Every structure is written in structure tokens, then in C-alpha cells.
Amino acid sequence: MYEYFESIPLDESFIAFIRELVGEEGVAIVSFLSENYDVTDETLSQKTGIKLNNVRKILYTLYDNQLVSYKRVRDKTTGWFIYLWRLNRDNIEFLVRSKKRAVLEKLKERYEYEKQHIFLFCPKDKIRLSFEEASEYGFKCKICGGNLESFNNTQIIKFLERKIKELEEDISK
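To start, this report covers the structure provided alongside it. (Residues numbered from 1 in each chain as written. Predicted model: local features only at pLDDT ≥ 70, side-chain atom pairs only at ≥ 80, totals over all residues. Heavy atoms only, no water.)

Thoughts on the packing of helix 1 (residues 12-35) against helix 2 (residues 41-48)
Interaxial distance between helix 1 and helix 2 falls to 10 Å at its minimum, and their mutual angle equals 110°. Classed by the angle they form, the pair helix 1 and helix 2 counts as roughly perpendicular. The element helix 1 and its partner helix 2 pack so that their crossing is right-handed. Here Ala28, Ile29, Phe32 and Leu33 of helix 1 come into contact with helix 2, specifically with Thr43, Leu44, Lys47 and Thr48. In terms of residue class, the contact of helix 1 with helix 2 is built from five nonpolar, two polar and one charged. (Axes fitted to C-alpha atoms, helices over the stretch in contact; angles between N-to-C directions. Helix = DSSP H or I, 4+ residues; strand = E, 2+ residues; numbered from the N terminus. Parallel < 35°, antiparallel > 145°, perpendicular 65-115°, else oblique. Left-handed = near helix turned anticlockwise from the far one by under 90°. Contact = heavy atoms within 4.5 Å. Nonpolar A, V, L, I, M, F, W, Y, C, P; charged D, E, K, R; others polar.)

Looking at unusual backbone geometry
Positive phi, close to 60°, is recorded for Gln66, a residue that is not glycine. Relative to the helices and strands, Gln66 is located in the loop between helix 3 (52-64) and strand 1 (68-74). A positive phi angle, near 60°, is found at Phe139, a position not held by glycine. Along the chain, Phe139 falls in the loop between helix 5 (131-136) and strand 5 (149-151).

So, the pattern of salt bridges
The full count for this structure, using the stated rule, is 11 salt bridges. Members of the salt-bridge network, linked through shared partners, are Asp38, Lys71 and Arg86. (Salt bridge = Lys/Arg side-chain N within 4 Å of Asp/Glu carboxyl O.)

Topic: the packing of aromatic side chains
For the structure shown, the criterion picks out eight aromatic pairs. Note on Phe121 and Phe151: the rings are 5.7 Å apart at their centroids and 70° apart in plane angle, and the pair reads as edge-to-face. Here Phe121, found in strand 3 (residues 119-122), pairs with Phe151, found in strand 5; they are 30 residues apart in sequence, far enough to count as distant. One aromatic cluster is present, built from ring pairs that chain together Tyr60, Tyr63, Tyr70, Tyr83 and Trp85. (Phe/Tyr/Trp six-rings, centres within 6.5 Å; stacked < 30°, edge-to-face > 60°.)

Looking at the packing of helix 1 against helix 3
Taken N-terminus to C-terminus, the directions of helix 1 and helix 3 make an angle of 105°; their axes are 10 Å apart at the nearest point. By the angle between their axes, helix 1 is roughly perpendicular relative to helix 3. Residues Ile18, Leu21, Val22, Glu25, Gly26, Ile29, Val30 and Leu33 of helix 1 pack against Asn54, Val55, Ile58, Leu59, Thr61 and Leu62 of helix 3.

As for the nonpolar core
In terms of nonpolar packing, the biggest core is built from 24 residues, with Phe14, Ile18, Ile29, Leu33, Leu44 and Leu62 touching the most fellow members. Elements that contribute at least two residues to this core include exactly helix 1, helix 3, strand 2 (81-87) and helix 4 (89-116). Examining the composition of this core, we find that 10 residues originate from one element, helix 1, more than from any other. Residues Leu107, Tyr111, Ile157 and Ile171 belong to the second largest nonpolar core, which totals eight residues. (Core = buried A, V, L, I, M, F, W, Y, C linked by side-chain atoms within 4.5 Å. Buried < 20%, exposed > 50% of the residue type's maximum accessible area, 1.4 Å probe, protein only.)

Quick notes on helix 6 (residues 154-172)
With 19 residues, helix 6 ought to run about 27 Å at 1.5 Å a step, and its terminal C-alpha atoms sit 27 Å apart, in line with that. Those residues of helix 6 hidden inside the fold are in contact with helix 4. (Expected span 1.5 Å × (residues − 1).)

A look at the sheet that holds strand 3
On the basis of which strands lie adjacent, the open sheet formed by three strands has the order 4-3-5 and antiparallel pairing. The strands lining the two open edges of the sheet, one partner per strand, are strand 4 (127-130) and strand 5. Between one strand and the next, the sheet's axes are offset by a mean angle of 40°, whatever the strand orientation. Where strand 3 and strand 4 come together, four bridges link them in antiparallel fashion. Within strand 4, the residue paired with Cys122 across the bridge is Ile127. (Pairing = 2+ DSSP bridges.)

Shown next as C-alpha cells:
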């Protein structure tokens, strides 16, 4: 009858996604749900100090994104329905993996862009322009009008290569 429950360790990228989706209050709710199972919205409100209406709004947003689920039971004394909330383990892992894949694709796009372009920069305004952009401005800074200098993007390319490799290894685990 009882279900086995083990707390869910939360990945940093998952926390960042939750923060972007529902803010710091959402992070507090998800953190509490990661360590507790079948929790009412009232309990979440009391334990996190977040207003009940905000807790419900966040739970519905998380539910719409399939990150939480609920079970509905009838309170025997009042006859009212009580909703017991929990994190969806499988969807958390799926979401984290898909977000990492999306980041990996963006890094690969940026890597290709860096490899295929020559860059110039303005030492005064600290802006960087591709060769094509610089030629549109006559190889002058679009802010101050000063001469642009050559920019070596080797460090950026190496950094992107390292991050791509790390992310690919992480995703393949």
C-alpha cells in the first residue's frame, strides 16, 4: 500500500530551468518536493512561507510542464478533495537532458561561427565585430569612429571546444 520514496537530488541545470520558469519561489517549492512526497499546497505554503495563491499558481505551471503530478483524495471529515503533489522523476531527467542537448546545439553553432569568421575590435569601446560588419563601417568603430584592430578568437574557440566536449560526455552518461 505504501510507496517507497527516496529524495531526488536536483541537478544545477534543472534548478536554473525552474528559476527561469517560475522564479525563486518555484525553486523553493521544487526543493521541498524533492525531499517530500504527496504534499498538500497548504503544507507547501506553510513550509516555504510562500502565499497559498502563489504556491497554487506555481504548481499549475509546473504541472503544465509535466514536472509535478498530483493525486486527488477526499477528506473524510469535510468531504472536500485534497490534492497531494509530487515531483515527476522521469520528466525531470528528460527535461534536464533535453535542455543540455539544446545548450550543446547552441554551443556548436557558436563554435562554427567563431571558426568561420575573422573578427576585429575597438580597444577603446571594447566591442567586437565580424569582418563583414567591420567592412560596413569602413573598418572604423561604430561607436567612437576609431580604427579597429585584429582580434584573435583562439581562446574562445578552445573554450567552446572544451565546453562542447564536457557537455557531450555529460549527456552520454
